[in-house]
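Structure assessment
Now for the letters of each chain:
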Amino acid sequence: GIQVEQSPPDLILQEGANSTLRCNFSDSVNNLQWFHQNPWGQLINLFYIPSGTKQNGRLSATTVATERYSLLYISSSQTTDSGVYFCAVISNSGYALNFGKGTSLLVTP
Amino acid sequence: NAGVTQTPKFQVLKTGQSMTLQCAQDMNHEYMSWYRQDPGMGLRLIHYSVGAGITDQGEVPNGYNVSRSTTEDFPLRLLSAAPSQTSVYFCASSYSTLLEQFFGPGTRLTVL
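Bear in mind that the values here come from a model prediction, so they are computed numbers and not experimental data.

Conventions we followed
Residues numbered from 1 in each chain as written. Chains lettered and ligands numbered in written order. Predicted model: local features only at pLDDT ≥ 70, side-chain atom pairs only at ≥ 80, totals over all residues. Heavy atoms only, no water. Helix = DSSP H or I, 4+ residues; strand = E, 2+ residues; numbered from the N terminus. Buried < 20%, exposed > 50% of the residue type's maximum accessible area, 1.4 Å probe, protein only. Contact = heavy atoms within 4.5 Å. Pairing = 2+ DSSP bridges. Axes fitted to C-alpha atoms, helices over the stretch in contact; angles between N-to-C directions. Polar contact = N/O pair within 3.5 Å; in protein donor to acceptor, adjacent residues only side chain to side chain.

Residues and elements named next belong to chain B. Relative to the helices and strands, Thr-71 is located in the loop between strand E7 (64-66) and strand E8 (76-78). For Thr-71, a relative accessible area of 17% translates into the label buried. The residues contacting Thr-71, other than those within four sequence positions of it, are Gln-25, Asn-28, His-29, Glu-30, Met-32 and Ala-52.

A few words on the environment of Pro109(A). Residue and element names in this part refer to chain A. Tracing the sequence through the fold places Pro-109 in the segment after strand E11 (103-108). Distance in space between the C-alpha atoms of Pro-109 and Glu-15 is 5.3 Å, their sequence separation being 94 residues. Not counting residues up to four positions away in its chain, the partners in contact with Pro-109 are Gln-14, Glu-15 and Thr-79.

Once that is clear, we can look at the sheet that holds strand E3 (residues 19-25) of chain B. Residues and elements named next belong to chain B. In spatial order, the strands read E1-E3-E8-E7; together these four strands make up an open sheet with antiparallel pairing. Sheet topology places strand E1 (4-7) and E7 at the edges, where each strand pairs with a single neighbour. Across the sheet, the mean angle from the axis of one strand to that of its neighbour is 20°, orientation sign disregarded. Here E1 pairs with E3 via four bridges, running antiparallel. Note that in E3 the partner of Thr-7 across the bridge is Gln-22.

Let's shift gears to the environment of Trp34(A). Residue and element names in this part refer to chain A. One can find Trp-34 in strand E4 (residues 29-37). C-alpha separation for the pair Trp-34 and Glu-5, spaced 29 residues apart in sequence, amounts to 13 Å. Here Ser-70 takes part through its side chain, which lies 3.0 Å from a polar atom of the side chain of Trp-34.

Put into structure tokens, the structure is as follows:
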């Protein structure tokens, strides 16, 4: 099946810093989503972005489908950004989201 | 809209007991699925359904049964719980696999 690799696995930032999270995938995809799992365990949809660029406030994402990667940018980070960020994809021949292992982000005051 | 709802939020079982995890959505989504999340890992697919009356297995189906009699509901049954099924279970739904999927709040299950 399709492989999804996220980097870095762990990240510690001071409040106000910017960061870039990366997601590499091993096959062509027709669905790519970024999620934030907050400290209470909820999965929050950030972006549905099989290709192109989207922005939502301090967060933005870019997917370059031809090169099989996606980037999530977090600017001016806040302590509420802490949690685990997951990238999940569905390959062109697949039927369900395949998740990476996530990037664990801690934003300190 | 309530979105995707799951009950119960927490459950403790003894080995060998059975139970049903409930999942419902009010968005008229055709596609529904169940995932489990173990510590330090992403989510893995258990079973999925592309519409009422149609279900299929995912990556880790052993020990779980599903049925889909209505568009709204997709229950997950554990017939004989085992400690290896201790996990957090998430239900998801979408209009299709090509479109954005939405997750419920999860059920935290412990099997002793």
